[in-house]
Amino acid sequence: MSWSFLKNTSDLSEFCENLNNDNWRVELIIEGIHCMSCVSRIENSLHKIKGLNKVNVHLTSNHTIIEWNNNLVKLPMLVEIIHKLGFKAFLSGGDKQLISEQLKSKQMLWNWSVSLICFFQIMMFSMPSYLSGENGLDHNLKSLFDWGSFILIIPVIIFSGKIFFHNAYSGLKNKAINMDLPISLGIILMFLFSVMGTINPSNLFNGKVYYDSISMFIFLLLSSRYLDHKIKTKSWITFTNFFKKLPESSRKVKNKNFKKPRISIVGLNQIRVGDLIQVLPGETINFDGVIVHGSSHLNNMFMTGESTPEAVRIGNYLFAGGINIDGVIYYKVERLRNTSYISKIKKIIEDSQYTKPAFVKMIDKFAQPFLLAIIFLSICSYVIWSPINQQMAINAMISVLIVTCPCALYLSTPIAMSAAANKLAKKGIYIRNLSAFESLAKINLLFLDKTGTLTDSNPSIAQSYLSHSYNHSLIKKIIFQITKDSLHPFSNSLKEKFGDKSNEVELSDLKEISGKGIEAFSETYGKLKLGSAIFCGIDSNEFPSHVNLCQVHLTFDGQWVASFSFKEMLRKKVKEIVASFSRSSIESIILSGDQKDAVIDVAKRVGIKKFFWAMTPKKKHQKIIDAQKNRAKVMMVGDGFNDGPALAQSDVSVAMGASPSIVQTKSDFIIISNDIYLIKFLISFSKKTLTVIRQNICWALFYNLVMIPFAFFGYIEPWIAGLGMTFSSCIVAINSYRLNQ
């Protein structure tokens, strides 16, 4: 495709994200990336360009993030550099990307199929030589089999193996070495010596041919790469296919008469924020929004991993992708498809691939030197053995090139991380930062927000106290108006109870202040405040004890109007899960913005001995800093409403709960479900993931350390070297895939 049309700033906005002023961000898919050396070549070449702010290339998915200053450099120039390196780049997302992935899979399958068919045929020609004993085959018969193998090996090398030669050549052209160079050298050398042995069987090499080794080597290499490709694209393709299955039309409501609604079925591009949508039983939610009429049960299994339908009613927030089960509901559109909750989750999954754990950075650092060492060892083996035995020298040189190819080492971490991310996504856990896996396994201090984490997101109203100075119906309408756009758990409970929208009260300057409450202005009643006693300016000495115990208060111009206490229900099995943290040497501490009595009550019920109340976002942040100064490895779990600074400061942060604000947090992990058990699962699964990564790296290093001496001293035939190298990569892939089970 031509990229020249993206030179103008006006054209960039359709395909790229404007970060600020002249700084832009684009996501590309780059074809032809096979190893860490490819990644390093692209990143190092682009980093030399003035105006480039950031480039991150992900090995296992081929996704690439580029951020640049459009005044200093244009995107077409950056893409041209990528093309000159021997790679192909195109815009990520949409049908084009899906079609490209499907075509790539199809091409890989064709290459694999040709190599498989020819491999079996060549083995049929080779087996008689292996089974003929000391006397060997008749000269003419062996010559016939060799020529037959020669004919069959041509399509294997030219068609199936061309990808290795193309990548090796691209690397050399750009003065870089990649993993395909030793592979290509090994194939070329085996082919040349085989041709010499076929044409002149009595030559210096005694007619030795390697056709079977070449065909098996290419077949096994393609097998391991195809397996890797399927594992690493599984999560992305699942999300893309899910989006393609979403309906392309919605039932737009043209009036507000829910008894006799006027419905028009329109395309998604005709829907705007604020429109009313009707959803019938069995239909899928197309947009994020708030229910304004009706009740039902929704299946949100795709996002949360929970199969149990969730009851929804007026005031509840809906997410695109949920399936309506048994009731007719009407909702107001809050977010369109491209800014929906699930779209942001998809972006989080894609962005997480660009973070590099310490294991990957370590392998990156030694990639080029290791490949150079392989080629050097190969040459040394030939030089040492050549005066003694030419046949042994050739075998040793080829075997060293093949057996030491670091495919398994390069795949050890990325493929395990991809498998782990797939598994967590099935549970409704999404990763922002892959590096957090390493810290997660070392956690010894767990800070927990109370509301929405230890307790249900929407507590029930236990007691209501309303002033007799105002009409109670008016108070309820004002409370609904103040809370209708808030997503705080207390607000959800209030608007659910007072959800009568008739005769709405006009309010202005509505503003929610994190950790305190909501304020607004009414021409009739002045400044309205709904929130904590401190926020509302309520003096505890002026009210009886039962009002002072309330968590939420309402004031009109500083005068008390209403107070509410909430009964918080603990999440399922929270006490047992907190106890399990203690058994794992993880101390649990509650950090809550609520009042002392409410925090003490929950702490006693869940068995947490250490807790803090009336914690503002700033105080929570400071508590975590203090703990880190004492060398604690801190994990913070919050609902994302008032925990932003604390989540950002923690060694590991988890935002928990199904609310749109969750995806805006800078947390390392996002848990969409309300199941606190998933925190325990996440910690234990991170340890399992790191164990698998360490196993992969140890196996890859052990394999190379053991096999190099055998290959160097000529004890391994090239076909055994190819089998060993591929077997090593498959072990890493299969071991990693266990995480996805």
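Scroll up to find the structure.
Residues numbered from 1 in each chain as written. Predicted model: local features only at pLDDT ≥ 70, side-chain atom pairs only at ≥ 80, totals over all residues. Heavy atoms only, no water.

1. So, the pattern of salt bridges
Evaluation of the coordinates by the stated rule reveals 10 salt bridges. For the salt bridge of lysine 511 with glutamate 519, the shortest nitrogen-to-oxygen distance reads 3.7 Å. By relative accessible area, which is 12% here, glutamate 519 ends up buried. Among the salt bridges present, the one from arginine 605 reaches aspartate 601, with a minimum N-O distance of 2.9 Å. Placement of both arginine 605 and aspartate 601 in helix H22 (residues 596-606) is noted, with a separation of four residues, approximately one turn of the helix. You can call arginine 605 partly exposed: its relative accessible area is 31%. Aspartate 601 sits in the partly exposed class, given a relative accessible area of 38%. (Salt bridge = Lys/Arg side-chain N within 4 Å of Asp/Glu carboxyl O. Buried < 20%, exposed > 50% of the residue type's maximum accessible area, 1.4 Å probe, protein only. Helix = DSSP H or I, 4+ residues; strand = E, 2+ residues; numbered from the N terminus.)

2. Quick notes on the side chain of aspartate 275
Turning to its location among the elements, aspartate 275 is positioned in the loop between strand S7 (263-267) and strand S8 (276-279). Looking at aspartate 275, its side chain comes within polar contact range of the main-chain nitrogen of arginine 272, at 2.8 Å. (Polar contact = N/O pair within 3.5 Å; in protein donor to acceptor, adjacent residues only side chain to side chain.)

3. Some words on the sheet that holds strand S10 (residues 296-299)
Spatial strand order, S11-S10-S13: three strands in an open sheet with antiparallel pairing. Only two strands of the sheet have a single neighbouring strand rather than two, namely strand S11 (310-312) and strand S13 (323-324). Two strands pair when backbone bridges link them, and S10 and S11 are joined in this way by three bridges, in the antiparallel orientation. If you follow histidine 297 over to S11, its bridge partner there is alanine 311. (Pairing = 2+ DSSP bridges.)

4. So, the packing of helix H12 (residues 390-403) against helix H25 (residues 677-712)
Where H12 contacts H25, the axes come no closer than 8 Å and their chain directions differ by 170 degrees. Of the possible angle classes, the one that applies to H12 and H25 is roughly antiparallel. Judged by residue contacts, Ala396, Ser399, Val400 and Val403 of H12 engage Tyr703, Asn704, Met707, Ala711 and Phe712 from H25. Its residues assigned to classes, the contact of H12 with H25 shows seven nonpolar, two polar and no charged. (Axes fitted to C-alpha atoms, helices over the stretch in contact; angles between N-to-C directions. Parallel < 35°, antiparallel > 145°, perpendicular 65-115°, else oblique. Contact = heavy atoms within 4.5 Å. Nonpolar A, V, L, I, M, F, W, Y, C, P; charged D, E, K, R; others polar.)

5. Brief notes about the side chain of lysine 620
With respect to the element layout, lysine 620 can be found in helix H23 (residues 617-629). At 3.3 Å, the side chain of lysine 620 and the side chain of aspartate 449 are in polar contact.

6. Some thoughts on helix H3 (residues 75-84)
If you check which residues of H3 are buried, you get Leu75, Pro76, Leu78, Val79, Ile81 and Ile82. Of the residues flanking the end of H3, it is glycine 86, one or two places downstream, whose phi is positive at about 100 degrees.

7. Describing the nonpolar core
Counting residues in hydrophobic clusters, the biggest one holds 52 residues, and the most contacted among them are Met635, Phe669 and Ile679. It is H25 that contributes the most residues to this core, 11 residues altogether. Setting aside its immediate chain neighbours within four residues, isoleucine 679 contacts Leu448, Phe581, Met635, Val637, Met656 and Ile671. Counting residues in hydrophobic clusters, the runner-up holds 36 residues, among them Val114, Ile183, Tyr211 and Ile394. (Core = buried A, V, L, I, M, F, W, Y, C linked by side-chain atoms within 4.5 Å.)

8. Brief notes about unusual backbone geometry
Although it is not a glycine, serine 585 adopts a positive phi angle of roughly 65 degrees. Relative to the elements of secondary structure, serine 585 occurs in the loop between helix H21 (574-583) and strand S23 (587-591). Even without being glycine, arginine 631 reaches a positive phi, approximately 65 degrees. Topologically, arginine 631 is positioned in the loop between H23 and strand S25 (634-638). According to the relative accessible area criterion, arginine 631 is exposed, its value standing at 76%.

9. Some details on the packing of aromatic side chains
Counted according to the given criterion, the structure contains 19 aromatic pairs. Their ring planes at 15 degrees and their centres at 5.4 Å tell us that phenylalanine 681 and phenylalanine 685 sit as a pair that is stacked. A residue pair is termed a helical-turn pair when its members lie 3 or 4 positions apart in one helix, as phenylalanine 681 and phenylalanine 685 do in helix H25 at four residues. On the basis of relative accessibility, which here comes to 12%, the residue phenylalanine 681 falls in the buried class. Judged by relative accessible area, phenylalanine 685 falls into the buried class, the value being 4%. Chaining the aromatic ring pairs together yields one cluster made of Trp112, Phe119, Phe120 and Phe219. We note lysine 427 situated over the ring of phenylalanine 681; from NZ or CZ to the ring centre the distance is 5.0 Å. (Phe/Tyr/Trp six-rings, centres within 6.5 Å; stacked < 30°, edge-to-face > 60°. Lys NZ or Arg CZ within 6 Å of the ring centre and 35° of its normal.)

10. Topic: the sheet that holds strand S27 (residues 669-671)
Spatially, seven strands are ordered S15-S27-S26-S25-S16-S23-S24 in an open sheet, and the strand pairing comes out mixed. The sheet terminates laterally at strand S15 (429-431) and strand S24 (610-612), the two strands that pair on one side only. Each adjacent strand pair in this sheet contributes to an overall mean axis angle of 20 degrees, direction not counted. Note: S23 against S24, three bridges, orientation parallel. Paired with isoleucine 590 across the two strands is phenylalanine 611, which belongs to S24. In this fold H22 packs onto S23 and S24, with an angle of close to 155 degrees to the strand it touches most, S24.

11. What about H21?
Taken together, the buried positions of H21 are Val574, Ile577, Val578, Ser580 and Phe581. Angularly, the buried residues of H21 cover 155 degrees about the axis, an arc narrow enough to put them on a single face. Residues Glu576, Ser582 and Arg583 are exposed on H21 and point more than 90 degrees away from its buried face. Residues of H21 that are buried sit in contact with strand S16 (445-448), helix H16 (450-454), S23, H22 and H25. Following H21 by one or two positions, serine 585 adopts a phi angle in the positive range, close to 65 degrees. (Arc of directions from axis to C-beta.)

12. Some remarks on a nonpolar patch on the surface
Judged by side-chain polarity, Met127, Tyr130, Leu131, Trp719, Ile720 and Leu723 come together as a nonpolar surface patch covering roughly 550 Å² of accessible area. Since its relative accessible area comes to 31%, tryptophan 719 is described here as partly exposed. (Patch = residues over 30% accessible without salt bridge, like charges linked within 9 Å, V, L, I, M, F, W, Y side chains within 5 Å. Areas by Shrake-Rupley, 256 points an atom, 1.4 Å probe, with all protein chains shown as cover.)

Purely geometric stuff here, so don't read any function into it on its own.
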